[in-house]
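Results of the structural survey
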Amino acid sequence: MQPLAILFGFAFTLALCCLLGAIAVSRIAAAMYREERWPIAFLLGSAMLSLILFLLCAAHQAKASVLVAIGIAAAVWAWKSGALAAMMQGAKGFTPLPRAPFVLFLLLFLPFSFAYWANSMAPEISPDGSSYHLGWVKRYAEAGGFDAPESSMYGLLSQGIEMLFLSAYLFGKHSAAAMVHWAFLLDLIWLLICFGRRIGNPLSGMAAAIFLYASPLVCIDGSSAYIDLATAAIGFGVFYLLYLWDLNPQRPVELLLAAGLLGGFSYAAKYTAAVIALWAAVFVLWNSRRKLRDFTLLAAMSLVLAAPWMLRNAVLTENPLAPFFNRWFPNAAIHIIFERQYSEWLRHYDVKNMWELPLEVTVRGIATTGALGYLFLLTPAALLALRRREGRLLLGAALFTLAPYPLNIGTRFLIPMLPFTVMALALALDQKYLLMALMTIHSFLGWPNWPPGLLKQTANQHAWHWKGIPYKAALRWEKEEDFLRRRSDSYKRARALDSMTEPGAKILGQNGIPEAYSNRDMLVGYQSATNETLTDILYAGLDESRWPRLIWIHKLAKPEGVRRVRIVQTFATEVADEQWNITEVRFFGPDGVELPRESSWKLHSNPNPWDVQMAFDNSPVTRWRSWETARPGMFVETDFGAPKNIARVEIHSSWDNPHCRTKILIEREAGKLEEVRENVEMQDIRPQFWMRREATRELLQRGVGYLSVMHDEYGSQDFLLAQQEWGIKLVGEESGQRLYRIEPYQQGTTTAK
Amino acid sequence: VVKTVLTAALLLGASGCVKMPESYAPPVQRKPALAGEIPQSTRHLLRMSDVETDTFIVQDIPKGDRNQWRWTGPRPTVRLYVSSTAAFKFHAEYSISDATFQRTGPVTLRFLVNDKMLAEQRHDKTGNFTFDKPIPEQLLKANSENDLAIEVDKVFIAEADGAKLGFILSAIGLSR
C-alpha cells in the first residue's frame, strides 16, 4: 500500500500543477510549440499551487481533503474553460530529433531515470531533506498550517517548493515529496531539449540535458527532498518565457506576466534565486519598447509570489527578509552576531585555498558537499558560445545566477546556474561526435557505484552522491524502517530520542536530527536566538569565562535624587566576536544595602531590548548580551520611576568581554541625562554559586527537559562525569549521541543518581 | 496593476518599520543555590548496573548488561576522564567465583593505571572483595582520559562457546 500512496501523492501534485498551469498556459499557447506547453504549464501551475498552499497554511486549512477539492475544481475548470483542449490542439510541433543522438540520449537517460526513480522513492535520508525541508513540511501537515517557523532559522526561509512537498506529503509522506523534486528536474530536462530544438540545435539541447542529468551532485540532489533543481527549473523557465516574449513581435503581455510569476516563485523557492527575477527585470528594461509598463507588470507579478513570504516573516519576526538582514531589521528571532558568523562560514566552508574551489566543486566535492563531475572542468569553454546571441543570453543569465554564489560556496549553490551553463557549453561544443562522446563519458563517470567510475576510485567517494540504486527500498520490499536504520545514523538518533522522551518534550542540543522522522521538539543551539540563549545558559555551567566574575563598581559622588541610570558601553572592540555582556546590574544605597528590585522599574536596553530582564533576574547563569559586536553607545537603562538614593552601581560581567568598558549617565531632572563623576573599581571574584546546577535549573524553568550531547562535542565528558553536579541523568545513548534528563531541582538534596 | 503594486509596497514598507519594545519590569527573582550544596560526584566510579557504564568500557566487560555484576574477560579495562590527578584511589568491587576457581585454582589480579602497575593481589579462595589503593599522581594524566585495568593471570575457558571468563566485576573506577 505504501508505494501506492507515495505514487498517488506524487502524481496528484504533478497533475494539480499541470491542471492549474494549463489554465494559465492556454492563454499563451499560441506562442509555443506543442512540446513546450506542458513543461511551462507545470512550472506555472507549481507556482500557483505553491501560493494556494501558502494561503491554506496561513488559514490552517492545509488538509488532504481541501487539496482534493481544489484538484477537482481545477480539473473541472480546465475542462470547462477549454484550457485542456487548447493545450492539446492547434499547435505545431518541432521537427523530429536527429535519430542517432536521440537513441543515445534515450540509452543514457532511461537508466539514469531508473536510478532517479529508485533513489527518490526510497525512504528519504538526505541531510537537509530529512531535517528541515521535510521537517517543516511534517509540522505543517500535522498542524494543518504554519507552525512556529520562527523557532528555527530554517523555518523562516521562503518555502515555496516545500509547499508543493506538503501537497505530496499529505498523501504519500516523505518519498512523494522527494519525487516532486525529481519532477522539476525532468521538467528542466524537457525544457533544455525544447530550447535546443527552438534555436535549431536539437543535439545541443539533448547534450545539455544529459550534462545536467548525469552530474553526480544533480543526481543525489534531484532525487532528494531538496529544492535546488526546482529552483534551477524555475529560473530556466523565466529565461525561456522571456526568450519567447522577446522572439514574438507582438511581445504578448501574458508571456511577461508568466515570467514575472515565475520570477517571484524563484524568490519563494530560494532567496538567492531571486537574482533571476533581477535578470528578468534587466532583460525587460533592455529589450522592451514600453519599458515602464512592462517592468511594472513584471515586478507586480513577481510580488504576487514573493510578497507573501516577506509578509509572513514580517509578521512573525518583524524582519521580512528573515533569517537574514537582521542588522536592517533587528528582531528577537535571530541574533545579528549569529548571522555574521554563519555567513562567514558559508563563504568559506573548509576550503583553505580558494584557488582549489573549481577542483573542489567539479571533482572532489568533499568540503563543499558534492561534485558536479569532471565534465564541468570544461566550463570555461562555454565562453565560445558568446559567438551567437543565444549563447550571450545564456551566459548573461548564468552570470546573474552565479552572483550570489560567493555568499555560500557549497556546490549546490551553483545548481541554479547549471541549466544556462550546460546549454551554453553544449552550444559552444556543437560538434555531433564530440557531444555524443562527452554525453557518454560524463554519464559513465556519474553512474552510481559502477566499479570503473572514477568517483569510486578516489577520495571523492566520500562526497555527497548516490550510493547505489535502492529499488527494493523504493518498492518497500525492504522495510522503510530497516532501510533507514541501515543507511542513517541520524535516523537512529531521532528514533532513540522519541523512544526515550515523552511527547512534547523539549530537547536542547547542538546538532540537528532528522526532524521529519521525529515527534519531539529539538532545539538546536544555533538555529534561533532563543536556542542560542539557552545554549549560553547551559555553557555558563561549564565555562568559567561566562561566569559573573568581573564586577565593575561605579561609586557615585552624589547619591541623592537618581531617577534613571543608563550604563553605556564605551569601548570600540577590535575583536569581531566580542559582545557586551551583563549578568547582573545592582544598585546600592549609601548604607551599602542593595535596593530591592521593584516592579515599577522600567528596564530598557539597546541593542537587544528583548533580553534586558536577564540582567536583573538575580541568576548567575543568565545574562543580557548585545548579540552583536560591542560598540560604543550600547546601553542598559533602569528607570526607577521615582527618585532614589544610589551610592554604588555594580555591573556583574564576565571575562569573555574583557575589553568592554562602561560609563554611567544619570537622570536627576526629568528628561535630562548627565554623565557623572565617579570612581570605578574592578574586582575579579569567584562566584559562590553551584553553576552547573543553576544552568540546568534555569533550562528546566524555560521548558527544556533534556540535553542531547554528541560524544565528541564541547563539554561531553563533563556532562557524563559530573551528572550529579549538573542535576542530570543519562537516560540512553545512540550512535554517539547521549541523552540526559534534567532532574527536578530540590534544594539541599541530590536528585541525580 | 498600479493599485496592487502600491498596496504591496505599502505593506512591505510597513513591515520594515520595526517596532522595538520600550521597556520591561524586573522579572521574577531567582534564588541560586550556593556551591556548598553541591553533591559529591560519583561518576568516576562505574557500577555495572548503571546505564552509562557502557560508554566507559574499553575492553573485556560485556556491554548492554544491566545486572549488578558482569563477567569479565582476561583484562577488563575502562577509560575515565579526570580533570585533576590529586587524591584518587583505584577502587574495585569484584568476586572470585567458585565455578571458575575450581578450574583455575588461585588467581592473581594486577591493577593497572595507564598500563602501569599499581598493585597485585593474589586470591587463594573465592569470595567478594574490595580493592582500594591510592594512585600516585604521576600515574594519572590531568584533563585527559585515563585507562584503568585489572588483569587476571588465569582465565576459565567455557567449553560451550570458548568464552574466556576472568572474574565477576561489580564496580571499578576512581574514588576519593
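For the structure, see preceding data.
Attention here is on the structure that accompanies the text. Everything numeric here is computed off the predicted structure, so don't read it as measured data.

The rules behind each value
Residues numbered from 1 in each chain as written. Chains lettered and ligands numbered in written order. Predicted model: local features only at pLDDT ≥ 70, side-chain atom pairs only at ≥ 80, totals over all residues. Heavy atoms only, no water. Helix = DSSP H or I, 4+ residues; strand = E, 2+ residues; numbered from the N terminus. Contact = heavy atoms within 4.5 Å. Expected span 1.5 Å × (residues − 1). Buried < 20%, exposed > 50% of the residue type's maximum accessible area, 1.4 Å probe, protein only. Axes fitted to C-alpha atoms, helices over the stretch in contact; angles between N-to-C directions. Parallel < 35°, antiparallel > 145°, perpendicular 65-115°, else oblique. Pairing = 2+ DSSP bridges. Phe/Tyr/Trp six-rings, centres within 6.5 Å; stacked < 30°, edge-to-face > 60°. Salt bridge = Lys/Arg side-chain N within 4 Å of Asp/Glu carboxyl O. Patch = residues over 30% accessible without salt bridge, like charges linked within 9 Å, V, L, I, M, F, W, Y side chains within 5 Å. Areas by Shrake-Rupley, 256 points an atom, 1.4 Å probe, with all protein chains shown as cover.

Let's talk about the environment of R661 of chain A
Residue and element names in this part refer to chain A. For R661, the position within the fold is in the loop between β10 (648-653) and β11 (662-667). Note: C-alpha distance between R661 and P111 (550 residues apart in sequence) is 67 Å. In this view, R661 contacts W552, V568, Q569, T570 and F571; residues no more than four positions away in its chain are not counted.

Details of helix α11 (residues 228-247) of chain A
Taking 1.5 Å of rise per residue, the 20 residues of α11 of chain A would be expected to cover 28 Å, and the 28 Å separating its terminal C-alpha atoms lies within 8% of that figure. Across the 20 residues of α11 of chain A, 19 count as buried, placing the element largely inside the fold.

Some details on the packing of helix α6 (residues 127-143) of chain A against helix α8 (residues 160-198) of chain A
All names here are of chain A. Across the interface, α6 lies against α8 with an axial gap of 9 Å and an inter-helix angle of 90°. As judged from the angle between their axes, α6 and α8 are roughly perpendicular. Note on element contacts: α8 touches α6 through E162, M163, F165, L166, Y169, L170, H174 and A177, opposite H133, L134, V137, K138, Y140 and A141.

Regarding the side chain of T421 of chain A
Residues and elements named next belong to chain A. In this structure, T421 sits in helix α18 (residues 418-428). Looking at T421, the relative accessible area reads 5%, which means it is buried. In contact with T421, not counting residues within four places along its chain, are T379, A382 and A398.

Considerations on the pairing of strand β14 (residues 706-710) of chain A
Residue and element names in this part refer to chain A. Within β14, five of the five residues are buried, leaving the element largely enclosed by the surrounding structure. Burial along β14 is two-sided: the face carrying Y706, S708 and M710 and the face carrying L707 and V709 are both buried. Here strand β1 (residues 506-509) pairs with β14 via three bridges, running parallel. Of the residues in β14, the one forming a bridge with I507 is Y706.

Comments concerning the sheet that holds strand β15 (residues 728-734) of chain A
All names here are of chain A. With mixed pairing, the five strands of this open sheet are ordered in space as β2-β1-β14-β16-β15. With partners counted over all chains shown, the strands left at the sheet margins are β2 (521-524) and β15, one partner each. Taken pair by pair, the neighbouring strands of this sheet meet at an average axis angle of 25°, ignoring direction. Packing against the sheet, helix α25 (residues 691-701) makes contact with β1, β14, β15 and β16 (737-742), and its axis sits at approximately 80° to β16.

Considering the sheet that holds strand β13 (residues 678-684) of chain A
All names here are of chain A. Taken in spatial order, the four strands of this open sheet run β6-β10-β3-β13, and their pairing is antiparallel. Only two strands of the sheet have a single neighbouring strand rather than two, namely β6 (584-588) and β13. If you compare each strand with its neighbour and ignore which way they point, the axes differ by 15° on average. Note that strand β3 (residues 550-556) and β10 share six bridges and pair antiparallel.

Some words on helix α13 (residues 275-287) of chain A
All names here are of chain A. For α13, with 13 residues, the first-to-last C-alpha span of 18 Å sits near the 18 Å given by 1.5 Å per residue. Along α13, the positions that sit buried rather than exposed are V275, I276, A277, W279, A280, A281, F283, V284 and N287. Those residues of α13 hidden inside the fold are in contact with α11, α12 (253-269), α14 (291-317), α17 (389-402) and α18.

Some remarks on the packing of aromatic side chains
Centre distance and the angle of the planes are the two values used to describe a pair of aromatic rings. Counted according to the given criterion, the structure contains 55 aromatic pairs over all chains. Ring geometry for F195 of chain A and F236 of chain A: centres 5.9 Å apart, planes at 75°, overall edge-to-face. With F195 of chain A in helix α8 and F236 of chain A in helix α11, this residue pair connects regions lying 41 residues apart in the sequence. Relative accessible area serves as the criterion here: at 0%, F195 of chain A is assigned to the buried category. The exposure class of F236 of chain A is buried, given its relative accessible area of 0%. Here the aromatic rings of F90 of chain B and F131 of chain B are separated by 5.7 Å at their centres, their planes lie at 80°, and the arrangement is edge-to-face. One end of the pair, F90 of chain B, is in strand β5 (residues 89-96); the other, F131 of chain B, is in strand β8 (residues 127-134), and 41 residues separate them in sequence. Looking at F90 of chain B, the relative accessible area reads 0%, which means it is buried. You can call F131 of chain B buried: its relative accessible area is 4%.

A word on the pattern of salt bridges
All names here are of chain A. Considering all chains together, one arrives at 53 salt bridges over all chains under this definition. For R623, the salt bridge is made with D536, and the minimal N-O distance between the two is 2.9 Å. Residue R623 is found in the loop between β7 (602-606) and β8 (624-625), and its partner D536 is found in helix α24 (residues 529-540); the two are separated by 87 residues along the sequence. Residues R623 and D536 agree in their burial class; the two are buried. One network of salt bridges, with partners in common, ties together D536, D543, R546, R623, R625 and D656.

Some points on a nonpolar patch on the surface
Taken together, V68, I72 and V76 of chain A make up a surface patch of nonpolar side chains, about 240 Å² in accessible area. Position of V76 of chain A relative to the elements: it lies in helix α3 (residues 64-80).

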